[in-house]
Amino acid sequence: MAHLHNVVAIVGSLRKESFTLKIAKALAKLAPDNLKLDVVTLHDISFFNQDLEATPPADWVAFREKLHKSNGVLFVTPEYNRSIPGVLKNAIDVGSRPYGKSSFLGKPTGIVSNSPGPLGGVSAAKHLQNILPGISGPILGQPEIYLNGVGDAFDDKGELIKESLQAVLKQYIDAYAAFVEKFSK
Ligand code: FNR
């Protein structure tokens, strides 16, 4: 029987009506039975400051512990100025420390970018692929997923109503679940 894998889905936007958050929640709903997504927003992660490393703030410790306990990490991000939002970079910096003891190490990693625009946040996703390899686990390379035109994908209640998007999300989360399963043996 397949094991249940607990994955932290990190949302790169703080916006209340964030499409990124809605996509993360949709992925959680579409996940197969062996994958449970814990959708995490970054409102409570304080700024990384190397002066605080000896006595890290409680929010850093809690975030790192959550990552340590997980069986995988899924980044769901919008694109800000052709890169990832600052809050997401900050959280990655927090999770990556202390040096050599990154909380992301060994965790099967997925990257999902999105945009209401035509390019699907592809630059943000590519930047994550540059940032992560030294501090993360294996990164799922295929299928790639850069979701464009997400602005009309949800109804007033935040439910996913765009069938083409639903199909792509389902395909991705199934592939990611298989990837996590493979690296958890
Ligand atoms: C954006 N947006 C944006 N979109 C894009 O496709 N490429 C980009 O480089 C940028 N740059 C950018 C910078 C800043 C500072 C903001 C605030 C926005 C638009 C962005 O995709 C849009 O606001 C999304 O709705 C943000 O994601 P959430 O909050 O809906 O998850």
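Preceding block: the structure.
First things first, this report covers the structure right here in the doc. These numbers were taken from a predicted model, which means no experiment stands behind them.

Concerning the pattern of salt bridges
Working step 1: This structure, assessed with the given rule, holds nine salt bridges.
Working step 2: Where Asp38 meets Lys66, a salt bridge forms, and the shortest distance between an N and an O atom there is 3.0 Å. Of this pair, Asp38 sits in strand β2 (residues 35–40) while Lys66 sits in helix α2 (residues 58–69), placing them 28 residues apart in sequence.
Working step 3: A relative accessible area of 29% means that Asp38 is categorised as partly exposed.
Working step 4: On the basis of relative accessibility, which here comes to 36%, the residue Lys66 falls in the partly exposed class.
Working step 5: Between Arg97 and Glu53 there is a salt bridge, with the nearest N and O atoms lying 2.8 Å from each other.

Topic: the packing of aromatic side chains
What describes a pair of aromatic rings is the distance from one ring centre to the other and the angle between the planes of the rings.
Working step 1: Enumeration according to the criterion identifies three aromatic pairs in this entry.
Working step 2: Measuring from ring centre to ring centre gives 5.2 Å for Phe48 and Trp60, while their planes differ by 20°; the resulting arrangement is stacked. Of this pair, Phe48 sits in the loop between β2 and α2 while Trp60 sits in helix α2, and the two are 12 residues apart along the sequence.
Working step 3: Note on Phe48: relative accessible area 24%, which makes it partly exposed.
Working step 4: Residue class for Trp60 comes out buried when judged on its relative accessible area of 0%.
Working step 5: Geometrically, the ring pair formed by Phe75 and Phe104 is tilted, given 5.8 Å between the ring centres and 45° between the ring planes. Residue Phe75 is located in strand β3 (residues 72–77), and its partner Phe104 is located in the loop between α3 (86–96) and β4 (109–114); the two are separated by 29 residues in the primary sequence. The two residues Phe75 and Phe104 agree in class, both being buried.
Working step 6: For Arg15, the ring lying beneath its charged end belongs to Phe19, and the centroid distance is 5.1 Å.

Parameters and conventions
- Residues numbered from 1 in each chain as written.
- Predicted model: local features only at pLDDT ≥ 70, side-chain atom pairs only at ≥ 80, totals over all residues.
- Heavy atoms only, no water.
- Salt bridge = Lys/Arg side-chain N within 4 Å of Asp/Glu carboxyl O.
- Helix = DSSP H or I, 4+ residues; strand = E, 2+ residues; numbered from the N terminus.
- Buried < 20%, exposed > 50% of the residue type's maximum accessible area, 1.4 Å probe, protein only.
- Phe/Tyr/Trp six-rings, centres within 6.5 Å; stacked < 30°, edge-to-face > 60°.
- Lys NZ or Arg CZ within 6 Å of the ring centre and 35° of its normal.

The quantities given are spatial measurements derived from coordinates; they are silent on function.
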